[in-house]
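# Reading the structure
Listed below, chain by chain, are the residues.
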Amino acid sequence: MRWDEGKQRWTSTWTFRANPHDPPLTHYDLECRVTDPRNTLATAAAGVTLTQTVELRLKPFFAAAPWPLHSLIVCNTDGSDMLQVPTPSLLPSFVSVHPDGKTIAFTDTQYAANEFHIWSINKDGSGLRRLTSATTMAAAGGYSPDGTTYAFTRGGRVCLMPACGEVDPTPGAAAQLPPQSLAIPGGTTSWRRIGFNATSRKLIVTGRINAGADEALFTYDRDLPGWHQLSLPPISRALTPNAIMYQACYSRDPATLNQLFCIYYTGSTWAMCLVNDDGSNLRPIVEPTGAGFLYSPALTRDNRGILYQAGSQVVHGDFNFATATASNPQVISDGHNIHEIATW
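Everything quoted here is computed from the prediction, not taken from an experiment.

Glancing now at the sheet that holds strand E13 (residues 180–182). The 4 strands are arranged E10-E11-E12-E13 in an open sheet whose pairing can be described as antiparallel. The open sheet is flanked by strand E10 (138–143) and E13, the only strands paired with a single partner. Recorded for the sheet is a direction-independent mean angle of 25 degrees between the axes of neighbouring strands. Bridge analysis of strand E12 (residues 157–162) against E13 gives 3 bridges, and the strand direction is antiparallel. Bridge assignment links Cys159 to a residue of E13, and that residue is Ser181.

Turning next to the side chain of Asp277. On the secondary structure map, Asp277 appears in the loop between strand E22 (270–276) and strand E23 (283–285). Taking the relative accessible area as the measure of exposure, Asp277 reaches 7% and is therefore buried. Among the polar contacts listed, one links the side chain of Asp277 to the side chain of Lys202, at a separation of 3.1 Å. Once residues within four sequence positions are removed from consideration, Asp277 is found in contact with Lys202, Thr219, His228, Leu230, Tyr250, Asn258 and Leu260.

In this fold, Thr219 is placed in strand E17 (residues 214–221). Every residue in contact with Thr219, bar those within four places of it in the chain, is listed here: Leu203, Ile204, Gly226, Trp227, His228, Leu230, Tyr250 and Asp277.

A few words on the packing of aromatic side chains. This structure, assessed with the given rule, holds 9 aromatic pairs. Plain terms: the ring middles of Phe61 and Trp344 are 5.7 Å apart, the flat faces sit at 20 degrees to each other, and that makes the pair stacked. Remark: Trp344 occurs in the segment after strand E28 (342–343) and Phe61 occurs in strand E3 (residues 61–64); sequence separation between them is 283 residues. In this structure Phe61 comes out as buried when scored by relative accessible area, which is 2%. These aromatic residues form a ring-pair network of at least three members: Tyr143, Tyr150 and Phe152. Above the face of the Trp344 ring, Arg301 is positioned so that its terminal group lies 4.3 Å from the ring centre.

Reading the values: rules and limits
- One numbering rule holds for all chains: residues counted from 1, following each sequence as written.
- With the structure being a predicted model, the display of local features is reserved for residues of pLDDT at least 70 and the display and counting of side-chain atom pairs for 80 or more, all residues being used for whole-chain, interface and lining totals.
- Water and hydrogen atoms play no part in the side-chain values, which are based on all heavy atoms of the structure.
- A pair of strands is labelled paired if DSSP reports no fewer than 2 bridges between them.
- A run of H or I in DSSP becomes a helix once it reaches four residues, and a run of E becomes a strand once it reaches two; helices and strands are each numbered from the N terminus.
- Axis definition: a line fit to C-alpha positions, over the contact stretch in the case of helices; interaxial angles, taken between N-to-C directions, run 0 to 180 degrees.
- When accessible area is computed with a 1.4 Å probe and restricted to protein chains, residues below 20% of their type maximum are described as buried, those above 50% as exposed, and intermediate ones as partly exposed.
- Under this definition, polar contacts are N or O atom pairs within 3.5 Å; protein pairs additionally need one hydrogen-donor-capable and one acceptor-capable atom, and for neighbouring residues in sequence, both atoms have to be side-chain atoms.
- Two residues qualify as a contact provided that any one of their heavy atoms is within 4.5 Å of a heavy atom in the partner residue.
- In this scheme Phe, Tyr and Trp rings, the latter by its six-membered ring, pair at centre separations within 6.5 Å, and the angle between planes marks the pair as stacked below 30 degrees, edge-to-face above 60, and tilted otherwise.
- Consider the ring centre and the ring normal. A charge sits over the ring if Lys NZ or Arg CZ is within 6 Å of that centre and within 35 degrees of that normal.

Here it is in structure tokens:
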């Protein structure tokens, strides 16, 4: 931006460049204003150049796998521009969006053949490829925020592989687990999506303990390394028919690095809360829709939006992380049973 002495006004030239192979850029309310009520800039700023930085961001979206249709959809967080991503002959569940905003991973749940694999596909429907090689149960995965790692469950353990997938075994050889395979102390993994904290160094995992009778939350620190069971009481899976007791995701803001957005069963109803990843400082979140069954907690990239499944609806609302309050709920879908929400 510069002062044009001849025209006696401020002028600005904008140039936007993007890789033609990238998705379309959508920006938020781009606006530039200069206010000078005393006209001081006009008399004193001849020859002075003002530099202004403008950030262009891809519009947030989420991916989900409707049940029991087993399809893959993407749409904006307000529910607009809903599209189905073609996955021929596959049955998507447990979706996750890569930090690049282009790639979506999901579990192909072939129940009849008892085969479960992790696949990835580009948001535009191109590049469909399988990421796992072994034929044992591989499900409920998620990308790390740094984009390097994909964590999933297999054989009751947590497995970590490169985001590009695991190497196929030698033809004829027995399928091997990925190089890093982690067992929950005294338990096994539940089929709940595994999540990372903002630094990609901690994982949040729902585990089954006491011979599978109860569910509890565990974190795994990749730097120490070691497991830690949150000091929240284990909940019996016999309390509800669907046996979904705990689900949680990490804050996406490094300023609240060790805090979790958690959905859990109280013994009579489902509730939402913020809680530290050691189980301390539990702060209830008032569920604004009044729905009973809650599922699939998710936060937008800036931690200012909250998404979750409430019954057969997906709800998006504003979220104040500091006060643990949700407001302005908007129903994104009604009756489609969209679930397993993954935000970007």
